[in-house]
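Understanding the architecture of this molecule
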Amino acid sequence: MNETKTQRPVQTLVTAAMLMAVGFILPFFTGNIPQIGSMLCPMHLPVLLCGLLCGWRYGLAVGFALPLLRSVLLTTPPMFPAAVSMAFELGAYGFLAGFLYARSRWQCVIALYRCLIIAMLGGRIVWAVVRVLLSGVSGQAFTWQMFLSGAFLTAIPGIILQLVFIPAVMVALDRTGLVRFRRGGETVQAV
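These numbers come from a predicted model, not from an experiment. (Residues numbered from 1 in each chain as written. Predicted model: local features only at pLDDT ≥ 70, side-chain atom pairs only at ≥ 80, totals over all residues. Heavy atoms only, no water.)

As a further point, take the environment of L19. Mapped onto the elements, L19 comes out in helix α1 (residues 2-25). Relative accessible area serves as the criterion here: at 7%, L19 is assigned to the buried category. In the structure, L19 is positioned 26 residues away from L45 in sequence and 9.0 Å away in space, judged by C-alpha atoms. Filtering out sequence-adjacent residues up to four positions away, L19 remains in contact with P46, L49, C50 and L53. (Helix = DSSP H or I, 4+ residues; strand = E, 2+ residues; numbered from the N terminus. Buried < 20%, exposed > 50% of the residue type's maximum accessible area, 1.4 Å probe, protein only. Contact = heavy atoms within 4.5 Å.)

This part covers the nonpolar core. Membership of the largest hydrophobic core comes to 33 residues, with the highest contact counts inside it found for L48, L52, Y101, I166 and M170. Looking at this core, the elements with two or more residues in it are α1, α3 (44-54), α4 (56-74), α5 (79-102), α6 (109-138) and α8 (156-176). With 7 residues, α3 is the largest single contributor of residues to this core. Once you skip the residues sitting within four places of it in the chain, M170 turns out to touch L49, L52, L53, Y101, L112, V179 and F181. (Core = buried A, V, L, I, M, F, W, Y, C linked by side-chain atoms within 4.5 Å.)

Further remarks concern the pattern of salt bridges. Counting across every chain of the model gives 1 salt bridge. One salt bridge connects D174 with R180, and the closest N-O pair in it is separated by 4.0 Å. On the basis of relative accessibility, which here comes to 0%, the residue D174 falls in the buried class. Note on R180: relative accessible area 36%, which makes it partly exposed. (Salt bridge = Lys/Arg side-chain N within 4 Å of Asp/Glu carboxyl O.)

Just distances and angles here, no functional claims.
Written out as structure tokens, the structure reads:
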């Protein structure tokens, strides 16, 4: 009985660490072709999943640390301005996805989509604000066209991938019983 109380935080920490490792490794699959990597946004997937599965604190921590760690260890993405702005963006993804989903009255596919879309929009807005601030420091311009291109136009395949893959993973986890959808206070099966 006391075992489950101590086991849950350990399982959450292990899940967050595993998703951090996935986020560290996933860009290697698209690393040879940077255009595809920037289109598929491979680090976004594990960060969003971390926020949903582990909660907003872990989602924020993994999202913020992941691009900085990759930049320090592998020099990709470059630290300034890419990794710094990505750290805030991914941190916002993990925070918003976890915070909103945990507070959803019903945790179902519809609530999942709602939280994902808000988190993805919020993260991109945070990215733009940080890029504007960093461009002021570096003296380079960050235009509205650069925002639209970087946040939405080139990322359309990644956005589609996130909107298909993450709900599919969550439904699979619900069907296996590892993570349950719930309605109000009760648990429900995914349809």
